[in-house]
Amino acid sequence: MSYLKKIEYEITLKDSFWVVRNCPKCGRKTHYINTKKFRVNANGNKLDVWLIYQCAECKQTLNLAIYERRKASSIPREEYQCFLGNDEQLAERYGQSMQLFRENKADIDWGRLQYGIVKVHESIEGGEGRERILVTVKNPDGLKIRLEKQIAMVLGLSRDQVKKLMVKGEIEIREHSQYLLSIEVAVEINQGVIRKPTL
């Protein structure tokens, strides 16, 4: 089967993860947010580096370990200077690192994710009449986003519409994992114009 279009998207974070945890000052679970600041401690020739989060309500801090007991020489000099200067871009990058949150056993509030979807590649292979589009959505951070929501985002449809189209066979899931979604979509071509599937 030849495809009219192959389109690749990628889900990207717009902001740092929010952490949910018990706050000792508030006496209950609260949200901790990225301060975009680092804490660096030196002990002899060993360094500790943390990303500082704080309670959104009382400012109680939570340090997420980036490096622990590391030789100063093993940390890239440019990155080390960014830690000392509280570089916001680097802090944001660490605030979006799934690995950092896993290693620190920090609970992410998945309901507060700020993300977008970006088209990264598109190719056209021609075709007449009723054709199909192959859509791939990469999710490099493994964000917990429902399948129907991912499809709705790329097609510009509601989740209910997506479900109906899946039942009708106009949307077919080829592959699905935490990091990748691949679907085929039936479309109508009228004088070179692609029309969205109709309900």
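Residues numbered from 1 in each chain as written. Predicted model: local features only at pLDDT ≥ 70, side-chain atom pairs only at ≥ 80, totals over all residues. Heavy atoms only, no water.

In this section: the pairing of strand β7 (residues 131–138). In terms of residue burial, β7 counts as a mostly covered element, since 7 of its 8 residues are buried. As paired elements, strand β1 (residues 5–13) and β7 share 6 bridges and run parallel to each other. Each bridged residue has a counterpart across the sheet, and for K6 the counterpart in β7 is L134. (Buried < 20%, exposed > 50% of the residue type's maximum accessible area, 1.4 Å probe, protein only. Helix = DSSP H or I, 4+ residues; strand = E, 2+ residues; numbered from the N terminus. Pairing = 2+ DSSP bridges.)

Another aspect to go through is helix α4 (residues 147–155). Helical periodicity: at 3.6 residues per turn, an α-helix aligns residues three or four positions apart in one direction. Of all 9 residues that make up α4, 7 are buried, and the element is covered over most of its length. Every buried residue of α4 is listed here: L147, E148, Q150, I151, A152, V154 and L155. G156 lies just past α4 and shows a positive phi near 70°.

For the coordinates displayed, the defined rule picks out 7 aromatic pairs. With a centroid separation of 6.0 Å and 65° between ring planes, the pair formed by F17 and W110 is classed as edge-to-face. Highlighted residues: F17 in the loop between β1 and β2 (19–23) and W110 in the loop between α3 (98–103) and β6 (115–124), separated in sequence by 93 residues. Residue class for W110 comes out partly exposed when judged on its relative accessible area of 24%. One aromatic cluster in this structure is built from F17, Y53, F101 and W110. Above the ring of Y32, the side-chain terminus of R21 is found at 5.7 Å from the ring centroid. (Phe/Tyr/Trp six-rings, centres within 6.5 Å; stacked < 30°, edge-to-face > 60°. Lys NZ or Arg CZ within 6 Å of the ring centre and 35° of its normal.)

Turning our eyes to something else, we now look at the environment of S182. Topologically, S182 is positioned in strand β9 (residues 180–190). Placed 47 residues apart in sequence, S182 and V135 show a C-alpha to C-alpha distance of 5.7 Å. Sequence-distant contacts of S182, defined by excluding residues within four places in its chain, comprise L134, V135, T136, E172, I173, R174 and E175. (Contact = heavy atoms within 4.5 Å.)

For the protein chain, the average pLDDT comes to 87, and 89% of its residues sit at 70 or higher. At the level of individual helices and strands, the protein chain shows its lowest average pLDDT in strand β10 (residues 193–195), which scores 46, and its highest in helix α2 (residues 88–94), which scores 97. Note on residues 189–194: pLDDT under 50 across the span, and 10 contacts to partners over four residues away in sequence or across chains. (pLDDT = per-residue confidence, 0-100.)

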